[in-house]
Amino acid sequence: QHYTTLTYYALDSMVAVLVTYFLLSGLSRFTAAAEPRPFPENARIAVVGGGPSGVHMAAKLQESGHNPTILEKTSRLGGKSLTLYRDINTNEPCVQETDTFTGITNTETCIAHEMGTCFLHNGYGAVRDLVAEYNLTPEISPEGRAMFSQYAEDEFHSQEMGDFITSSIEAQVEAGLIKVPWWVPSFSSTIVVMNALLDSVSTYNKLHAELVGDVEFSMPDEPSPEKFARMDMTFEEFLLQNDMVALNGFLSFAHAAQGYGYISSIPAFYGLWWVSPELLNGYIQMSMHQQIEEICSWSTDNWFMKEFVRQITKMFVGGDAAQVYRTTTMLPEGYGKIWPKIADAHSLDVRFNTDIVSIDRQLSDTSAPVLITLAGGEVLEFDFLVYTAPHAHSHKIVKDLHSDETTIFDSLESFVLATTIYKSDAVAHYSTTDNKSPIMYNVDKMVNVENDGEWYADRNDMAIFGRSKKDLEQIRVGYQFYEAPCSADTSLCDSDRFPNSAEEGFQEDSENVMEEFLAEMERQKVENVSVEQQFAWPYFHHFPAGSTDNVWRLYDMQGQRKTWWIGASASFESVHDVLNYNLQLLDRFSYTEETKNLRGATIK
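Below you will find a few notes about this structure. The model shown is predicted, which means the values in this text are computed figures rather than measured ones.

1. Structural notes on the overall build of the protein chain
Part 1 of the reasoning: If you tally the helices and strands in the protein chain, you get 19 helices and 18 strands.
Part 2 of the reasoning: Against the 2.2 N^0.38 benchmark of 25 Å for 604 residues, the protein chain shows a C-alpha radius of gyration of 25 Å, consistent with a compact globule.
Part 3 of the reasoning: Its C-alpha atoms give the protein chain principal-axis dimensions of roughly 80 × 75 × 55 Å.
Part 4 of the reasoning: By residue count, 56% of the 604 residues in the protein chain fall in the buried class.
Part 5 of the reasoning: Considering only residue pairs separated by 6 or more positions, the protein chain has 74% of its internal contacts joining residues 24 or more positions apart.
Part 6 of the reasoning: Approximately 27100 Å² of the protein chain is accessible, and the part contributed by carbon and sulfur atoms is 52%.
Part 7 of the reasoning: Computed over 42 positive and 85 negative side-chain charges, the separation of the two mean positions in the protein chain equals 5 Å.

Here is the structure:
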């Protein structure tokens, strides 16, 4: 009884302390975040660029009572969210029809092929909110990966994902890069691999918490100089220096395959931004589900098992994530559907094919409007500017850039991610009907700049969404990546390129990218190849090593000079991050005249 009483008072005190802490810390965060919005009530706001960031921000601003106008230079919304649709039987272009009685959209015969934004992972809460809010068909999980690498039988054979990760860790153990503790039975390869993987994930999660801390949206807070010095290296060096090389095999494709750079050269800061503990925990949970299902031959897709796996994962590797059954999912209607649906639902003012000649913010007069001159001489007046297009090219039209803005934007660099929709016969050990892997990765082609242009990934959407089982005339999407695009083709140097429409593609195609793709098909013995379209996207606008602190310099100057600078140039390439950056900005500038009386007591 005495023990029970002590426990009661201890718990009671703990709850009181926690409640007080969260109230105070919440008040502190609220006080710090509440800044005046840098535009008046019912403001006329120009949103330059109709990609995910621009459409999302315009909708949010409209919900707050403002009057946004999207100025889009092409004939479509979505930016790098571009979805093509093909009939599963004829391979011809099609339109996904929605049954007026059931509300169900036909996604199994008219198949979505993502040419830009593609996947969701378990942390994509903002995207899932949009899918639910705008009534899109729920996501599904593509099952199976064909992993080509040096660990397979030869270059024409693949392994399953688990076998690849196991092989990569075993090779590192053999090379002496992973030390096996004395208490781990060396005769059991399974236990050795599992221990090395869990140990690396646990170490990573601890380091992430120490160096990055809690992240409310997705952009990390600026680290102290001491913490930044500990990540001032490449992501690969960071993993090696901190004894986490068991993650090399997994992260070499989990990072590079998305177009975010080779881990051998990308700054560790960006690796830590993208590969969050939430993402890693999700992959561990998924792996545990798969292992249990393989051993026990029954599904673990129920609340009890998912919560059990979640808690076990948290116990082994720390960190936290929601229940995860499958980490990576896709949208049957395609990302390209989201942004027009948002614009239609809000009746957003969108001006397509807008050719902006100049933007004059009239900085000498804080009350003067922002003037945007269009080709033909029309001048539009706005109270505020939201600029989402590539910032490195803003000087072409924004004629009054401040030296602080110019310094930041001049340091930006970009990669190129090329996607190709093509038709061919099935690829052995990947897309044949006897292989249950609708997605392929060639990890040996995601190592460094010498792999630029090689065919490193492929996706069979007909099998993912339509369960297609044919070996001839398959339509698939292939991937190439360029860390040094100018070296491959001077036409790729311009990072301000966008396709005017899905049908027209880019104004100038890269012959070199196409030739390399076809050469790769021949090397891999892919037969009867016929390319439909290729999109060589300027991708992952980022700050290189030595200038990554510009991420926070840019964030600090948001709202100054009548401007918000948002989009991929301001944050991170993923749609998850550009949406969260918008939400973070809106949260920071949450103080308006409308809420002045309500919040005045707490805002400093």
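2. Quick look at the pattern of salt bridges
Part 1 of the reasoning: Taken as a whole, this structure holds 28 salt bridges when the rule is applied.
Part 2 of the reasoning: The salt bridge partner of Arg523 is Glu516, with a shortest N-O separation of 2.9 Å.
Part 3 of the reasoning: On the basis of relative accessible area, Arg523 is assigned to the partly exposed category, the value being 46%.
Part 4 of the reasoning: Glu516 sits in the partly exposed class, given a relative accessible area of 24%.
Part 5 of the reasoning: One continuous salt-bridge network, built from bridges that share partners, spans Arg361, Asp400, Asp404, Glu405 and Arg561.

3. Concerning the nonpolar core
Part 1 of the reasoning: By size, the foremost hydrophobic cluster in this structure holds 146 residues, and its most contacted members are Phe235, Trp339, Ile359, Ile372 and Trp564.
Part 2 of the reasoning: No other element matches helix α5 (residues 189-211), which puts 8 residues into this core.
Part 3 of the reasoning: Within the second largest apolar cluster, 10 residues are counted, among which are Phe148, Tyr430, Phe517 and Met521.

4. Topic: the state of the cysteines
Part 1 of the reasoning: Throughout the structure, instances matching the rule amount to 2 disulfides.
Part 2 of the reasoning: Cys94 shares a disulfide with Cys110; S-S distance 2.1 Å. Between Cys94 and Cys110, the S-S dihedral sits near 100°, and the bridge is therefore right-handed. Pair noted here: Cys94 is in the loop between β3 (83-87) and β4 (110-114) and Cys110 is in strand β4, with a separation of 16 residues, a long-range link.
Part 3 of the reasoning: Judged by relative accessible area, which is 19%, Cys94 ranks as buried.
Part 4 of the reasoning: Covalently, Cys486 is tied to Cys493 through a disulfide, its sulfur atoms 2.1 Å apart.
Part 5 of the reasoning: The connectivity of the disulfide-linked cysteines in the protein chain, indexed sequentially, is 1-2, 3-4.

5. Side note on the sheet that holds strand β13 (residues 413-424)
Part 1 of the reasoning: Spatial ordering of the open sheet is given by β6-β14-β15-β16-β13-β17, a layout of 6 strands whose pairing is mixed. Only two strands of the sheet have a single partner each, and these edge strands are β6 (145-148) and β17 (530-542). Looking at each pair of strands side by side, their axes are set apart by 15° on average, direction ignored.
Part 2 of the reasoning: Sheet topology places β6 next to strand β14 (residues 439-442); 4 bridges connect them, and they run parallel. What sits directly across from Met147, in β14, is Tyr441.

6. What about the environment of Ser287?
Part 1 of the reasoning: Turning to its location among the elements, Ser287 is positioned in helix α10 (residues 277-296).
Part 2 of the reasoning: With 40 residues separating them in the primary sequence, Ser287 and Thr327 have C-alpha atoms 9.4 Å apart.

7. Considerations on helix α12 (residues 338-345)
Since one α-helical turn is 3.6 residues long, residues separated by three or four positions face the same way.
Part 1 of the reasoning: Taken as a whole, α12 has its buried residues at Ile338, Trp339, Ile342 and Ala343. An end-on view of α12 places all buried positions within 130° of arc, on one side of the element. Those residues of α12 that are exposed and angled more than 90 degrees off the buried face are Asp344 and Ala345.
Part 2 of the reasoning: The first or second residue beyond α12 is Ser347, which carries a positive phi of 50°.

Scoring rules and cut-offs
- Residues numbered from 1 in each chain as written.
- Predicted model: local features only at pLDDT ≥ 70, side-chain atom pairs only at ≥ 80, totals over all residues.
- Heavy atoms only, no water.
- Helix = DSSP H or I, 4+ residues; strand = E, 2+ residues; numbered from the N terminus.
- Rg over C-alpha atoms; globule rule 2.2 N^0.38 Å.
- Buried < 20%, exposed > 50% of the residue type's maximum accessible area, 1.4 Å probe, protein only.
- Contact = heavy atoms within 4.5 Å.
- Areas by Shrake-Rupley, 256 points an atom, 1.4 Å probe, with all protein chains shown as cover.
- Lys, Arg positive; Asp, Glu negative; His and termini not counted.
- Charge placed at Lys NZ, Arg CZ, Asp CG, Glu CD.
- Salt bridge = Lys/Arg side-chain N within 4 Å of Asp/Glu carboxyl O.
- Core = buried A, V, L, I, M, F, W, Y, C linked by side-chain atoms within 4.5 Å.
- Disulfide = S-S within 2.5 Å.
- Pairing = 2+ DSSP bridges.
- Axes fitted to C-alpha atoms, helices over the stretch in contact; angles between N-to-C directions.
- Arc of directions from axis to C-beta.

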